[in-house]
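Here are the chains, one letter per residue:
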Amino acid sequence: MRWAAAALAVLLAVPLAAVPSGAQADNGEAEPVLISAGAVTVTILHNNDGESKLLGDAESGFPGVARFVAAMRELQAAAAGPVVTLTSGDNFLASLELGVSLDREGPMYDSVALSGVYDAMALGNHDFDFGPDVTARFIEGFDPPIPFLSANIDVSAEPALAALAERGLVAPSTVIEAGGERIGVIGAVTPWLPNISSPRNVVVSAVLPAVQAEADRLAADGVNKIVLVSHLQDVNEEVALVAELTGVDVVIAGGGDDLLANPGDTCQPDDEPVAPYPMWVDDASDARVPVVTAPGGYRCIGKLAVTFDAAGNVTAATGSSIGVSFGREPDPAVQADVVEPLTSEVALVDSTQIGTSEVELEGRKQVLRTQSTNVGSLMADALRVRGAHLAAGFGVEAPLVAVTNGGGLRNDSLIGAGEVTVGTTWDIAPFNNVVVVGTVERATLVELLERALSALPDASGQFPHVSGMRVVYDPLAGGVMVDRDGDCEIVANYGDRVYTVTLDDGTEIVRNGRLVDGEPITLATVDFLANGGDCYPLGDISFTRVGVTYQQALADFIAEDLDGVISSDQYPVDGGDRVHGAEPGELQFDYLVQPGDTLRQLAWWYLGDPNAWPQIFEANRDSPQPYGRTFTDPDLILVGWTLQLPYRTPGYSYSCGC
């Protein structure tokens, strides 16, 4: 679960409205609902973040899409009055299952499995991970067709999506007729979309004005029951949005995997919920708005009964978060048309061995996004080496270095030593990224690394894994702050983090925090990052695709370049030190000698021991100094000379006795 204590504190700091009649009381019982004349209760069934978890996996806790569909259809049949079924985006996700689905003829398995389940679906960031054409293929695969919603995107520059928009299948909103009621549904996606996915020419705008404009338009059309299905990555974002909106009656959030539940609810019963189901938030007009969401992966279904008065005001909302049981019989059509053929195809791919590993491979998300790991190094080496093999055929120089991001590596597990299969490489590198090669200025490479390291010590998908170089950073430096709401501009710099960058051949790119002038560097990476993903500053640089995907580069590298053996020497389980924070005493800086300075005094102040002066002398012996001099005599240092000294560790209380 992505929820952190800090996030919960933010959520609870937002003023929550007094709970209307019919909401959950403290004891878990529903309070009495006072039904006025002309009132109607609409049942909203919802989920979010299905993310291609189509096959059941008891060990990981995913019941599979066939059981999910069976549970959803049962809830739809049992509901009294108008029923609307919605989802809040991230409907598919890079994985071996999706890779198999993309390789088949006809509709994607995800589309087949979900056809006939929903009235409308929101678009999430992962729905653009493989580019707009795959997004369009997913939408086109639904039978019967349904609208996919986002008010804050413009798809007119993408032909496949633009054609769907002309048919009303990609739209800002839609109106659903249910039980004689007209229910407006608006979609919204995170403004970070261009930085964390691959929407190409899809233009993304701010969420609030787009949603408010659509709510106003629906209201002017006489729609007085409006639901927002939004994919803003964290339910806190929806809570903050509601406080500035008017005219939206219900919000279904997506992207955060957050559990809202009441006592007795069956969704993830062993997990601590972050808030009751539903939460209540005051909007900008002090109207009470229920906000709901659910954990993803087809594990849970939210059931919200919302009572509206004759004027369309919410007077009550009650419901529960329902777990999809492993004991449930799967939907027979989905089982036959999706689960059974997909299982066979995945097993065939997964069983094809390409090598062995002498060492456990560290691919857990939290580790990959904070430090070097052997999985990250393996992937970066694959980009550099396979890029070098292919570069000449595309008329470009062989790359000297490679960089990839922790967020692109997705197995999220510690892979045991032993057999490595094609399926292993799909688990690690499932995105449809293509390896690219281009030449970048040294300053651009350093800016890239600064941005990639900017989130530390927090885990972030932008963390860099490198090949062909070693990077040492200052963990005490504040680093840069990047505006990730679409433009990736640096809004503050609290100190440069990149301290040294050294190529494998010894060439220095950065020495002691300072850029070393020299020739540009040929870089291998993937097209997602080359297009500016994760705020890497590469969007204005010309790159050449070298005709191999992320996963294929990794598989070929293991099978051919490593001769099928991932060795513990080359890829140690601790990840090595390709990118690492400097240890105390490892960082140095340029010190300008002042009147009265001696090596003993400098050693006392910067090393804590005056008798450690030989360390400073040896580190600077024979260094060139002004007027053609060199530093050869420890008893002779002149004012205006420059020495390399370690950063002084705070807290020394030594007596020099110099």
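Keep in mind the model is a prediction, meaning the values are calculated, not measured.

1. Observations regarding the overall build of the protein
Alright, step 1. For the protein, the count of helices and strands is 18 helices and 34 strands.
Alright, step 2. Rg of the C-alpha trace for the protein: 29 Å, near the compact-globule value of 26 Å for 658 residues, within the 12% margin.
Alright, step 3. Along the three orthogonal principal directions, the C-alpha set of the protein runs to about 95 × 55 × 45 Å.
Alright, step 4. A buried classification covers 55% of the 658 residues belonging to the protein.
Alright, step 5. Counting contacts in the protein only where the partners sit at least 6 residues apart, residues at least 24 apart contribute 74% of the total.
Alright, step 6. Accessible surface, the protein as shown: approximately 26600 Å² in total, 50% of it carbon and sulfur.
Alright, step 7. The average position of the 34 basic charges and that of the 90 acidic charges among the side chains of the protein differ by 2 Å.

2. Some remarks on the sheet that holds strand β6 (residues 170–171)
Alright, step 1. Taken in spatial order, the 7 strands of this open sheet run β6-β4-β3-β2-β1-β14-β15, and their pairing is mixed. Looking at the sheet topology across the chains shown, the edges are occupied by β6 and β15 (314–323).
Alright, step 2. In terms of strand pairing, strand β2 (residues 83–87) meets strand β3 (residues 120–122) through 2 bridges, oriented parallel. Looking at β3, one finds that T87 is bridged to M121.
Alright, step 3. Seen against the sheet, helix α2 (residues 65–78) touches β1 (40–47), β2, β14 (300–308) and β15 and runs at an angle of roughly 20° to β14.

3. Comments concerning the environment of P145
Alright, step 1. Within the fold, P145 resides in the loop between α5 (132–140) and β4 (148–149).
Alright, step 2. Each C-alpha atom, one on P145 and one on G116, is 8.4 Å from the other, the two residues being 29 residues apart in sequence.

4. Quick word on the packing of aromatic side chains
Alright, step 1. Evaluation of the coordinates by the stated rule reveals 9 aromatic pairs.
Alright, step 2. Between the aromatic rings of F68 and Y298, the centroid separation amounts to 4.8 Å while the plane-to-plane angle is 50°, which identifies the pairing as tilted. Remark: Y298 occurs in the loop between β13 (288–292) and β14 and F68 occurs in helix α2; sequence separation between them is 230 residues.
Alright, step 3. On the accessibility criterion, F68 (0% relative accessible area) is buried.
Alright, step 4. For Y298, a relative accessible area of 2% gives the class buried.

5. Describing helix α18 (residues 613–620)
Alright, step 1. Looking only at α18, the buried set comprises I616, F617 and N620. Down the axis of α18, the buried set is contained in an arc of 100°. They therefore lie on one face.
Alright, step 2. Where α18 is buried, its residues contact α17 (599–607) and β34 (642–646).
Alright, step 3. The positive-phi residue at the C-terminal boundary of α18 is D622, with phi of around 65°.

6. Focus: the packing of helix α3 (residues 96–103) against helix α10 (residues 332–350)
Alright, step 1. In the contact formed by α3 and α10, the axes pass within 10 Å of each other and the chain directions differ by 110°. Looking at the two axes, α3 sits roughly perpendicular to α10. The residues of α10 that touch α3, namely those facing L96, E97 and V100, are L342, E345, V346, V349 and D350.

7. Brief notes about the confidence of the model for the protein
Alright, step 1. Counting all residues, the mean pLDDT for the protein is 90, and 92% of those residues have values of 70 or more.
Alright, step 2. For residues 1–35, every residue scores under 50 in pLDDT, and the model assigns this stretch 72 contacts once sequence neighbours within four places are set aside.

8. Here we look at α3
Alright, step 1. Taken across its 8 residues, α3 has 6 buried, putting it largely inside the fold.
Alright, step 2. Listed as buried for α3 are L96, L98, G99, V100, S101 and L102.
Alright, step 3. Each element contacted by the buried residues of α3 is listed here: α4 (109–114), α5, α10 and α13 (422–428).

9. A closer look at unusual backbone geometry
Alright, step 1. For the peptide bond that leads from D143 to P144, omega is 5°, which places it in the cis range.
Alright, step 2. Secondary-structure assignment places P144 in the loop between α5 and β4.
Alright, step 3. Of the consecutive residues Y277 and P278, the connecting peptide bond is found in the cis state with omega at -5°.
Alright, step 4. Here P278 lies in the loop between β11 (250–254) and β12 (279–282).
Alright, step 5. Phi is positive for D563, close to 50°, though the residue is something other than glycine.
Alright, step 6. Tracing the sequence through the fold places D563 in the loop between α16 (550–561) and β31 (565–566).

10. Observations regarding the layout of surface pockets
Alright, step 1. Reported here for the second largest pocket is a volume of approximately 460 Å³.
Alright, step 2. Taken together, 23 residues line the second largest pocket, and the ones lying closest to its centre are G131, S198, P199, R200 and N531.
Alright, step 3. Looking at the lining of the second largest pocket, the elements that each hand over two or more residues are α5, β9 (203–204) and α15 (527–530).
Alright, step 4. Ranked by residue count, the leading element in the lining of the second largest pocket is α5, at 3 residues.
Alright, step 5. Split by residue class, the lining of the second largest pocket holds 10 nonpolar, 8 polar and 5 charged.

11. Things to note about the pattern of salt bridges
Alright, step 1. Throughout the structure, instances matching the rule amount to 19 salt bridges.
Alright, step 2. Among the ionic pairs, E158 bridges to R200, the shortest N-O distance being 2.7 Å. Here E158, found in the loop between β5 (153–154) and α6 (159–166), pairs with R200, found in the loop between α7 (193–196) and β9; they are 42 residues apart in sequence, far enough to count as distant.
Alright, step 3. Across the pair E508 and R511 runs a salt bridge, and its minimum N-O distance is 2.8 Å.
Alright, step 4. On the basis of relative accessible area, E508 is assigned to the partly exposed category, the value being 30%.
Alright, step 5. The network of salt bridges with common partners includes D133, E158 and R200.

12. Focus on the side chain of S95
Alright, step 1. Of note, S95 is situated in the loop between β2 and α3.
Alright, step 2. Each residue touching S95, except ones within four places of it in the same chain, is listed here: S52, W426 and P430.

13. Topic: the sheet that holds strand β8 (residues 181–189)
Picture the strands of a sheet paired through backbone hydrogen bonds; they go either parallel or antiparallel.
Alright, step 1. Read from one edge to the other, the open sheet built from 6 strands follows the order β7-β8-β10-β11-β13-β12, with strand pairing classed as mixed. Each having just a single partner strand, β7 (173–178) and β12 make up the two edges of the open sheet. Pairwise comparison of adjacent strand axes, ignoring direction, gives a mean angle of 25° for this sheet.
Alright, step 2. Note that β7 and β8 share 6 bridges and pair antiparallel. Each residue of the ladder has a partner; that of T174, found in β8, is V185.

Reading the values: the criteria
- Per chain, the residues get numbers from 1 upward, laid out in the order the sequence is written.
- The predicted origin of the model limits local features to residues at a pLDDT of at least 70 and limits the giving and counting of side-chain atom pairs to 80 or more, whereas totals for whole chains, interfaces and linings rest on all residues.
- Note that water and hydrogens are dropped before the side-chain values are worked out from all heavy atoms of the structure.
- Per the convention used, a helix needs a DSSP run of H or I reaching at least four residues, while a strand needs a run of E reaching at least two, with both numbered from the N terminus.
- For this measure, only C-alpha atoms enter the radius of gyration; the expected value for a globule follows 2.2 Å times N^0.38, where N is the number of residues.
- Buried residues are those whose accessible area, probed at 1.4 Å on protein chains only, stays under 20% of the maximum for their type, while exposed residues exceed 50% and partly exposed ones sit between those limits.
- The contact definition used throughout considers only heavy atoms, calling two residues in contact when any of these lie within 4.5 Å.
- The Shrake-Rupley method, run with a 1.4 Å probe, gives the accessible areas here. Residue values count only the displayed protein chains as cover.
- We score Asp and Glu as negative and Lys and Arg as positive, and we do not count His or the chain ends.
- The atom standing in for a charge is NZ when the residue is Lys, CZ when it is Arg, CG when it is Asp and CD when it is Glu.
- Strand pairing is defined by DSSP finding a minimum of two bridges between the two strands.
- What counts as an axis is a line fitted to C-alpha atoms, over the stretch in contact for a helix, and the angles between N-to-C directions run from 0 to 180 degrees.
- Stacked, tilted and edge-to-face are the three classes assigned to paired rings of Phe, Tyr and Trp, where Trp is represented by its six-membered ring and a pair needs centres within 6.5 Å; plane angles under 30 degrees give stacked, over 60 edge-to-face, the rest tilted.
- Starting at the helix axis, one direction is taken to each C-beta atom, and the arc is that of these directions.
- To sort the angles, those under 35 degrees are grouped as roughly parallel, those over 145 as roughly antiparallel, those from 65 to 115 as roughly perpendicular, and the leftovers as oblique.
- As a per-residue measure, pLDDT tells how confident the predictor is, with possible values from 0 to 100.
- Here a cavity means grid points, on a 1 Å grid over the protein atoms only, where a 1.4 Å probe fits yet cannot get out; a pocket means an open set of points with protein on both sides within 12 Å along at least five of seven lines; lining residues are those with an atom within 4 Å of a point.
- Grid points are joined across faces, edges and corners, and a volume is the space filled by probe spheres set on the points.
- Gly is put with the polar residues, along with every residue not named as nonpolar or charged; the nonpolar set is Ala, Val, Leu, Ile, Met, Phe, Trp, Tyr, Cys and Pro, and the charged set is Asp, Glu, Lys and Arg.
- Here, a salt bridge means any side-chain nitrogen of Lys or Arg that lies within 4 Å of a carboxyl oxygen of Asp or Glu.

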